[in-house]
Amino acid sequence: METDSSHMQTLGVLGQVTHLSGWHAKRLFGKHDLKPGQAGILFILNKEGELSQRELSEKMNLTPPTITSAIQKMEKQGYIQRKPDEHDQRVLRLCITEKGKSCIEHICKVGKELDEMVFCGMSMEETLLLKRLLIQVRDNLMEGQDASILRPPM
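In short, a report on the structure. Because the structure is a prediction, the values reported are computed rather than measured.

## Observations regarding a positive patch on the surface
Point 1. The grouping of K26, K35, K73 and K76 at the surface amounts to a positive patch.
Point 2. Tracing the chain through its elements places K35 in the loop between α1 (10-30) and α2 (36-48).

## Topic: the side chain of S57
Point 1. Residue placement: S57 occurs in helix α3 (residues 53-60).
Point 2. Excluding anything up to four places from it in sequence, S57 contacts L62, T63, P64 and I67.

## Notes on unusual backbone geometry
Point 1. The phi dihedral of N61 is positive, around 60 degrees, even though this residue is not glycine.
Point 2. Considering the arrangement of structural elements, one finds N61 in the loop between α3 and α4 (64-77).

## As for the packing of α2 against α4
Point 1. Their axes nearest at 10 Å, the elements α2 and α4 cross at an angle of 75 degrees. Taken as axis vectors, α2 and α4 run roughly perpendicular relative to one another. Contacts between α2 and α4 pair Q38, I41 and L42 from the former with A70, I71, K73, M74 and Q77 from the latter.
Point 2. When grouped by side-chain class, the residues that make up the contact of α2 with α4 number five nonpolar, two polar and one charged.

## Points about the nonpolar core
Point 1. In this structure, L42, L56, I80 and I107 are the most contacted members of the largest nonpolar core, which totals 24 residues.
Point 2. When residues of this core are traced back to their parent elements, those giving at least two are α1, α2, α4, β3 (92-96) and α5 (98-118).
Point 3. Once you skip the residues sitting within four places of it in the chain, I80 turns out to touch L42, L45, I71, M74, E75, L94, C95, I96 and T97.

## Regarding the packing of aromatic side chains
Point 1. Following the criterion strictly, the structure yields zero aromatic pairs and no others.
Point 2. Looking at K99, its charged tip hangs above the ring of Y79, at a distance of 4.8 Å from the centre.

## Regarding the pattern of salt bridges
Point 1. One pass over the structure, following the stated rule, counts nine salt bridges.
Point 2. With a shortest N-O distance of 2.7 Å, K83 and E50 are connected by a salt bridge. Linking K83 in strand β2 (residues 80-84) with E50 in the loop between α2 and β1 (51-52), this pair joins segments that are 33 residues apart in sequence.
Point 3. Under the relative-accessibility criterion, K83 is labelled partly exposed at 31%.

Definitions and limits used
Residues numbered from 1 in each chain as written. Predicted model: local features only at pLDDT ≥ 70, side-chain atom pairs only at ≥ 80, totals over all residues. Heavy atoms only, no water. Patch = residues over 30% accessible without salt bridge, like charges linked within 9 Å, V, L, I, M, F, W, Y side chains within 5 Å. Areas by Shrake-Rupley, 256 points an atom, 1.4 Å probe, with all protein chains shown as cover. Salt bridge = Lys/Arg side-chain N within 4 Å of Asp/Glu carboxyl O. Lys, Arg positive; Asp, Glu negative; His and termini not counted. Charge placed at Lys NZ, Arg CZ, Asp CG, Glu CD. Helix = DSSP H or I, 4+ residues; strand = E, 2+ residues; numbered from the N terminus. Contact = heavy atoms within 4.5 Å. Axes fitted to C-alpha atoms, helices over the stretch in contact; angles between N-to-C directions. Parallel < 35°, antiparallel > 145°, perpendicular 65-115°, else oblique. Nonpolar A, V, L, I, M, F, W, Y, C, P; charged D, E, K, R; others polar. Core = buried A, V, L, I, M, F, W, Y, C linked by side-chain atoms within 4.5 Å. Buried < 20%, exposed > 50% of the residue type's maximum accessible area, 1.4 Å probe, protein only. Phe/Tyr/Trp six-rings, centres within 6.5 Å; stacked < 30°, edge-to-face > 60°. Lys NZ or Arg CZ within 6 Å of the ring centre and 35° of its normal.

Structure, rendered in structure tokens:
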């Protein structure tokens, strides 16, 4: 889809990029009955180990209620399980199951495919620059927000 973006505001271009990358991610992850957010949860749990829902939501920069339904679905599908914290029985820890671990290779493959699609025609220097700039944009937006919107008070 070729469009003249010279007149479009930056936010409009970012919106299109977000929409299109999300569409491709859903399509690629859907082959394994995963949604992009669920794949992110598996990836983080695989990397970090057992986490409480609050810790997971902080790592994903989302509120705990936002990821509740994803966690419930993933538990029913057998990708993750909850178990009591060894030190505080009031806290439940989320951990990845063997079925969840078996998806990690696919998640990494999809991530690589998406990167190849997104960065097609760009040099390594351009790719690194774009990533750095997007991180700066994200950090600017995080700094300018009311932190209580994303995270409940501790």
